[in-house]
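Reading the structure
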Amino acid sequence: MRRDWSVNVEPMAERVRQCLHCGAEADFLDIRAATMRCNYLQDHLTMPLGPKLSADQLAANLADIAPRYTEQQALLESSRCLFCFDAPCITACPTGIDIPAFIKKIMTGNVTGAARTILTANILGASCARVCPTEVLCEGACVMLDRDSDPIKIGRLQRYATDHVYENRIQILQPAAQKSGKRVAIIGGGPAGMGCAAELVHLGHDAVIFERQPEAGGLNTYGIAYYKMKPAVSLEEVELVKSLGVEFRCGVEVGTDVTRAELDQYDAVFIGVGLGEGHRLRIPGEDLAQVVDALRFIEQIHTQPLHQIPVGARVAVLGCGNTAIDAATQARRLGADEVVVIYRRGEGDMSAYAFEYDLAKRDGASFLFHHAPVKVLGQNGNVTGLQLVQTRFNQSGALESIEGSEIILPFDMVIKAVGQQKQSDWLMKIFPELKLNRNGTMGRDFETGQTSLRHVFAGGDCANGGREVVNAVGEGKKAARGMHKMFCEATVVGPIQPSRWGVPDGPYGSGLDAPIRVPELEEKYEQISPASHPAPAASALTSTNQE
Ligand SMILES: Cc1cc2nc3c(=O)[nH]c(=O)nc-3n(C[C@H](O)[C@H](O)[C@H](O)COP(=O)(O)OP(=O)(O)OC[C@H]3O[C@@H](n4cnc5c(N)ncnc54)[C@H](O)[C@@H]3O)c2cc1C
Ligand code: SF4
């Protein structure tokens, strides 16, 4: 298919008034006229979706984007580390992994020891090695950046060490020898729930995970971009957590299969249910068959053979966060001829990380900024295009549509990636006494994860509004320590790191000039000395990591 529908060229309206495929002059503000007169639309856009590439091509397109280092590469990379005292990379990791320590172990040939250092701090060290936005966390804080050098590839080294113990079936973690007799119910078997469970059993308490999906792992199993991590890695981590004595009850939904009265029989409850379904667009045509939610699209990639996944020839992705970018990149890699990411704000407003944005562009996705969908157009029940309106910020900074600026672009698939709903309805149903924040997340003590209910703790996306895997693990771990304090009146010695947002505009070095944003610390900082410190960089302030 020719790429004549260039989307980044102004003025847009001029470009689309004539179909660049067949030359037909059509008023594209009226889809009926367009489809009547445009051969291209008639030939291409009413076809049902189907798979696009062979199994071999797909396997190559969706292979790991950052494959494992060879021994030689790992030795070479580890030998670049300066093993900094007060290493900023540790401070930048929400699970507080002792990074220079594990790198030194790799350098000296003690790969199992390196994995032990990683996994005792972060039970999901293998998945974090693949999915963490290291560019804005540990690697973004590496002092090598201050020396105009590449940061140490901490994620790749972490993968090298953790792959070694998984592949060689080396059991390096053991359940605690002494049991406290306390039992904790964990709702949700995602990164937050597993982080909490692993730390609880390590501290001598029993943990039961209730997970509504057939498999545990949460978005690590069902939602991460396939070229970053395969679900098998997540399932291996579930096995590791099981081997520590955590009980998993999969296919069990709390609220339907388990009641509040049953939960109250446990000594404490951890809520790690993540976020809910994707937001609806609330525009006509949204229910056409080829309009899919990004999460469902990505879930298919994890649960079906790749060569059977239907994808459009011309795909629109609505939204411009990291999920939108993942959906766009995967649609291209699955064989879509063209993918256009459409965002109602400007390039500078998008919440996707810069490196994810670059990847999507390198994969051939186009971006159309300052346009919002008005209507999904269809014919015979199939998507044929999108009616869009141009947007702008008015003088008071609010986003508004520009009258008369509507355009129509042809698409045969629309992927919605406009954010996920909070779990407030579910929470209010099960825990009506719980205090929620105005945005639908749970109010909680940042250090212990304790909510307004003494025996109920929370962490991960449902509590922080949606961040990264590593933050969810870290928050689960903090909550386990908070429960331990409640059970035994004893505090666990060891680093408890605050959660982090990362910075959207790329790495900054050791963080002295533009610190990686830590909302918990900022909040405290404000309370101590409101006027005695400079405001954080505007880019960091505007990052919400949400669609
Ligand atoms: C498309 C997408 C791509 C992402 N890519 C990355 C990435 O590359 N890197 C990164 O670091 N982060 C990424 N994230 C974010 C990351 O996946 C989340 O921050 C992380 O998974 C949060 O963990 P969690 O345990 O809080 O929630 P989840 O992973 O959502 O897990 C919650 C679990 O609770 C279960 N559950 C919900 N309700 C119930 C109930 N009533 N009863 C029983 N079980 C229940 C769910 O089935 C689920 O398994 C991505 C997110 C999305 C949506
Ligand atoms: S900041 Fe960079 S150089 Fe220093 S210890 Fe961490 S990885 Fe090594």
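Since this is a predicted model, take the numbers as computed values, not measurements.

1. Notes on the packing of helix H5 (residues 71-78) against helix H10 (residues 154-167)
Relative to each other, H5 and H10 sit at 135°, their axes nearing to 10 Å. Here H5 is positioned oblique relative to H10, judged by the angle of their axes. The handedness of the crossing between H5 and H10 is left-handed. Contacts between H5 and H10 involve Ala74, Glu77 and Ser78 from the former and Arg156, Leu157 and Tyr160 from the latter. Taken together, the residues that form the contact of H5 with H10 break down as three nonpolar, one polar and two charged.

2. Quick look at the site of ligand 2
As a structural note, the neighbourhood of ligand 2 is formed by 14 residues, with Cys81, Cys84, Cys89, Cys142 and Ile152 the closest of them. Within the residue set of the shell around ligand 2, elements represented by two or more residues are helix H6 (88-91) and helix H7 (99-107). In the shell around ligand 2, the residues fall into 14 nonpolar, no polar and no charged.

3. Considering the site of ligand 1
Lining the immediate environment of ligand 1, one finds 39 residues, of which Gly188, Gly190, Gly218, Gly274 and Gly460 sit closest. Elements with a contribution of two residues or more to the shell around ligand 1: helix H11 (191-202), strand E2 (206-211), helix H12 (219-222), helix H15 (294-303), helix H16 (322-333), helix H19 (461-464) and helix H20 (469-488). A per-class count over the shell around ligand 1 returns 17 nonpolar, 14 polar and eight charged. Residues from two domains meet in the shell around ligand 1; each of domain 1 (3-60 + 279-416) and domain 3 (183-276 + 421-488) gives at least three.

4. Some remarks on H20
Between the first and last C-alpha of H20 there are 29 Å, a value that for 20 residues agrees with the 28 Å anticipated at 1.5 Å per step. H20 sits mainly inside the fold: 16 of its 20 residues count as buried. Where H20 ends, the next residue or the one after it, Glu489, has phi of about 50°, a positive value.

5. Looking at the confidence of the model for the chain
Of all residues in the chain, 81% attain a pLDDT of 70 or more, and the chain-wide mean is 85. A low-confidence stretch, residues 26-36 (pLDDT under 50), is modelled with 23 contacts involving residues beyond four sequence positions or located in other chains. A low-confidence stretch, residues 511-515 (pLDDT under 50), is modelled with ten contacts involving residues beyond four sequence positions or located in other chains.

6. Examining the nonpolar core
Core analysis: the biggest nonpolar cluster contains 140 residues, and Ala197, Phe270, Val317, Val341 and Ile415 have the highest contact counts within it. When near neighbours in sequence (up to four residues on either side) are disregarded, Ile415 contacts Val292, Ala294, Phe297, Val315, Val317, Ala327 and Ala331.

7. Some points on the sheet that holds strand E6 (residues 314-318)
Whether parallel or antiparallel, the strands of a sheet pair through hydrogen bonds between backbone atoms. Read from one edge of the open sheet, five strands run E5-E13-E6-E7-E8, paired in parallel fashion. Looking along the sheet, the strands with just one partner apiece sit at the ends: strand E5 (291-293) and strand E8 (366-368). Across this sheet, the average inter-strand angle for adjacent strands is 25°, counted without regard to direction. Pairing between E6 and strand E13 (residues 413-416): four bridges, direction parallel. Counterpart to Ala316 in the pairing with E13 is Val414. Seen against the sheet, H16 touches E6, strand E7 (338-342) and E13 and runs at an angle of roughly 170° to E7.

8. A word on H10
The α-helix advances 3.6 residues per turn, and as a result positions three or four apart in sequence lie on the same side. With 14 residues, H10 extends 20 Å between its outermost C-alpha atoms, agreeing within 8% with the 20 Å of an ideal straight helix rising 1.5 Å per residue. By the burial criterion, the buried members of H10 are Ile154, Gly155, Leu157, Gln158, Arg159, Tyr160, Ala161, Thr162 and Val165. In this structure, the buried residues of H10 make contact with H5, H6, H7, helix H8 (111-121) and helix H9 (125-131). Directly after H10, the chain includes Arg169, whose backbone phi takes a positive value near 50°.

9. Description of the environment of Ala261
For Ala261, the position within the fold is in helix H14 (residues 260-263). The spacing of Ala261 and Ile430 is 169 residues in sequence and 9.6 Å in space, taken between C-alpha atoms.

Basis of the calculations
Residues numbered from 1 in each chain as written. Chains lettered and ligands numbered in written order. Predicted model: local features only at pLDDT ≥ 70, side-chain atom pairs only at ≥ 80, totals over all residues. Axes fitted to C-alpha atoms, helices over the stretch in contact; angles between N-to-C directions. Helix = DSSP H or I, 4+ residues; strand = E, 2+ residues; numbered from the N terminus. Parallel < 35°, antiparallel > 145°, perpendicular 65-115°, else oblique. Left-handed = near helix turned anticlockwise from the far one by under 90°. Contact = placed C-beta atoms within 7 Å. Nonpolar A, V, L, I, M, F, W, Y, C, P; charged D, E, K, R; others polar. Near = placed C-beta within 6 Å. Domains from an automatic or database assignment. Expected span 1.5 Å × (residues − 1). Buried ≥ 20, exposed ≤ 12 C-beta atoms within 10 Å, placed from the backbone. pLDDT = per-residue confidence, 0-100. Core = buried A, V, L, I, M, F, W, Y, C linked by C-beta atoms within 7 Å. Pairing = 2+ DSSP bridges.

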